[in-house]
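Chains, contacts and geometry: an overview
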Amino acid sequence: MEEFRRSYSRLCRESGAEPQEAVLQQLHQLPRGRLDLATQSLTVETCRALGKLLPREMLCTELVLSDCMLSEEGATLLLRGLCANTVLRFLDLKGNNLRAAGAEALGKLLQQNKSIQSLTLEWNSLGTWDDAFATFCGGLAANGALQQLDLRNNQISHKGAEELALALKGNTTLQQLDLRWNNVGLLGGRALMNCLPSNRTLWRLDLAGNNIPGDVLRAVEQAMGHSQDRLTTFQENQARTHVLSKEVQHLREEKSKQFLDLMETIDKQREEMAKSSRASAARVGQLQEALNERHSIINALKAKLQMTEAALALSEQKAQDLGELLATAEQEQLSLSQRQAKELKLEQQEAAERESKLLRDLSAANEKNLLLQNQVEELERKVRCQQEQLFQTRQELTSTSAELKMRAIQAEERLDMEKRRCRQSLEDSESLRIKEVEHMTRHLEESERAMQERVQRLEAARLSLEEELGRVKAAALSERGQAEEELIKAKNQAHLEERQRLAHLEDKLRLLAQARDEAQGACLQHRQAVAEAQTRASQLGLQVESLRRRLEELQQELSLKDQERVAEVSRVRVELQEQNGRLQAELAAQEALREKAAALERQLKVMASDHREALLDRESENASLREKLRLREAEIARIRDEEAQRASFLQNAVLAYVQGSPVRTLSPPK
């Protein structure tokens, strides 16, 4: 109000007039939301300022201007300003002697303003001029907000009453009209009585002190009684519809709560299934990593196998070269033996001794072969032991997986311990296998080095023999020219020397044959080792295939579980959609009930203008409707109970499925 007071003072000074002290004092003392200027003589400047301020005032809901002695111009300015106001609810213009201009301004106010609900115009002269009052009545007919109108002591004649009757036929909001102490007369009373059947909202009309006959007053009172009864029935129906709407809202809230609870359970199941899928994916990843490690080991073994095969090919090539050298040496020996056949016959005994020595060497080589075979058998026993250990670990894995499936919720810690133990055993077996492979590779490398050393020694012996043969040939050629004359004398000596050389060469040939036999035995050992490595690689390949098949089985199980989960979720969604359809059908039925109630209300409004007997018939019809509503409420309660039971059954079924599903058994405890 303080801002309103300052604005009022500023506008008065702008118009060249001083603000009224009485008005300022009233503005300072008035409570919030109410402007009371009763019994204050307001000037035209004050009315002009108030007319400019009231359209922008958003806090004032009551305006009291009774007994303010407003002039025609001041009232017009005030009412023109109130046309644009949207918050004013109560307006009191009692005792201001408003005439033609005031009536026309009030008509414009009622035609434009949409917020005023109560208008007091007691002790004015609005009915003195028929044209001005007709304008007022036209604004009243077009108004859609006014509910209470006080027109006491306004000199309204029968013509004004007829204009009021026409306005009441078009008005749909006015509920109370006070026309006491006017000059309505018989004609005006009949006009008002005849307009009442067309008006469905007016339930109070005061016509005392208007020279109206008693029968007309009684008819008006009877019509007002009908209107009051109609209003009470309308209020009762509104209350019932409000109660029904509350119950429907309560049912909707309950259904939404049940739906949300069911969706929460479904979300929890989805989370548990996602956890189980993540755990299975991690397990599959671990198996894939182990499979990749096995593949890398197999690839390394294959590379080593290729290297050993290349080394064997080199050693075989060298052995072939040595064989060729031996063949050339044998040819030379044969040529020498042809020359000295007679001398070789004498040395058959020595050859027999050499054969005995060779037999002894063969027996030693056989003993070495037996030792190597024993080593091979020991390696095979170790491989079988490793296979048995792997089989035992697989059996333990299967047993532990079965126990984990049966006791997943109660013994998750035991499962972790079994997993760690299995992993440790697998790591130990893997480490043992790696150590054995390293031992075999070292053994192969050592044997290869020994073969290379033997080949080098053989090469050195071959070179020495070639050098010695060259020296012998050179000596023979040199001595041939020198000893032609002394051939006969030194023949015996030459024979002795040749015998010695032949013996020496035979010893060297024997050594070369032994070296060749040893090289062949080493080659056989290498081939056996390669065969064992190939068998081991094939066994590892079989293990890899078994692990791959196990991985595929786990993936198939996961896909089956995912399909079951999707089927269950789709089934629950279909059930929820069916429930929503049933709820929508119930809502449609309730909407139909509301439409029926609205139709009944319209019928009540149409039939209210008839006689009391029709009202009694309508009351019986209302009783039947109440019984129908009671039956409908009982049916709704029964449907609600059935829906609650169905929801509980569905919830129990979902919980039972969740508790009994394999996903639940594999999910970790909450």
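See the structure shown above.
Residues numbered from 1 in each chain as written. Predicted model: local features only at pLDDT ≥ 70, side-chain atom pairs only at ≥ 80, totals over all residues. Heavy atoms only, no water.

Let's shift gears to the sheet that holds strand β6 (residues 176-178). The strand order across the open sheet formed by seven strands is β1-β2-β3-β4-β5-β6-β7, and the pairing between neighbours is parallel. The open sheet has two free edges, formed respectively by β1 (34-36) and β7 (204-206), since each of these has just one partner strand. Each neighbouring strand pair of the sheet contributes to a mean axis angle of 0°, computed without reference to strand direction. The sheet contact formed by strand β2 (residues 62-64) and strand β3 (residues 90-92) spans three bridges and is parallel. Paired with Leu63 across the strands is Leu91, a residue of β3. (Pairing = 2+ DSSP bridges. Helix = DSSP H or I, 4+ residues; strand = E, 2+ residues; numbered from the N terminus. Axes fitted to C-alpha atoms, helices over the stretch in contact; angles between N-to-C directions.)

What follows concerns the environment of Ser546. Mapping Ser546 onto the fold places it in helix α13 (residues 491-607). By relative accessible area, which is 21% here, Ser546 ends up partly exposed. Between the alpha carbons of Ser546 and Arg499 there is a distance of 70 Å; along the sequence they are 47 residues apart. (Buried < 20%, exposed > 50% of the residue type's maximum accessible area, 1.4 Å probe, protein only.)

So, about unusual backbone geometry. The phi angle at Met69 is positive, at roughly 55°, despite the residue not being glycine. Secondary-structure assignment places Met69 in the loop between β2 and α4 (72-82). In this structure, Asn97 takes a positive phi of about 55° despite not being glycine. Assignment of secondary structure puts Asn97 in the loop between β3 and α5 (100-112).

As a further point, take the side chain of Asn171. Within the secondary structure, Asn171 is located in the loop between α7 (158-170) and β6. Separated by 2.7 Å, the side chain of Asn171 and the backbone nitrogen of Leu174 make a polar contact. Not counting the four nearest positions on each side in its chain, Asn171 is found in contact with Leu140, Ala141, Asn143 and Asn199. (Polar contact = N/O pair within 3.5 Å; in protein donor to acceptor, adjacent residues only side chain to side chain. Contact = heavy atoms within 4.5 Å.)

Formed by 67 residues in total, the largest nonpolar core has its most connected members in Leu91, Phe136, Leu149 and Leu151. Contacts of Leu149, omitting those with residues within four sequence positions, involve Leu119, Leu121, Phe136, Leu140, Leu174, Gln176, Leu177 and Asp178. (Core = buried A, V, L, I, M, F, W, Y, C linked by side-chain atoms within 4.5 Å.)

Packed helices, taken two at a time, are described by the angle between their axes plus the distance between the axes. Axis separation between α5 and helix α6 (residues 130-142) bottoms out at 7 Å; the angle between their running directions is 15°. Compared by their axis directions, α5 and α6 come out roughly parallel. Both α5 and α6 take part in a crossing whose hand is left-handed. Here Ala100, Ala103, Glu104, Leu106, Gly107, Leu110 and Gln111 of α5 lie close against α6, whose contacting residues are Ala132, Phe133, Thr135, Phe136, Gly139, Leu140 and Ala142. In the contact of α5 with α6, the residues fall into nine nonpolar, four polar and one charged. (Parallel < 35°, antiparallel > 145°, perpendicular 65-115°, else oblique. Left-handed = near helix turned anticlockwise from the far one by under 90°. Nonpolar A, V, L, I, M, F, W, Y, C, P; charged D, E, K, R; others polar.)

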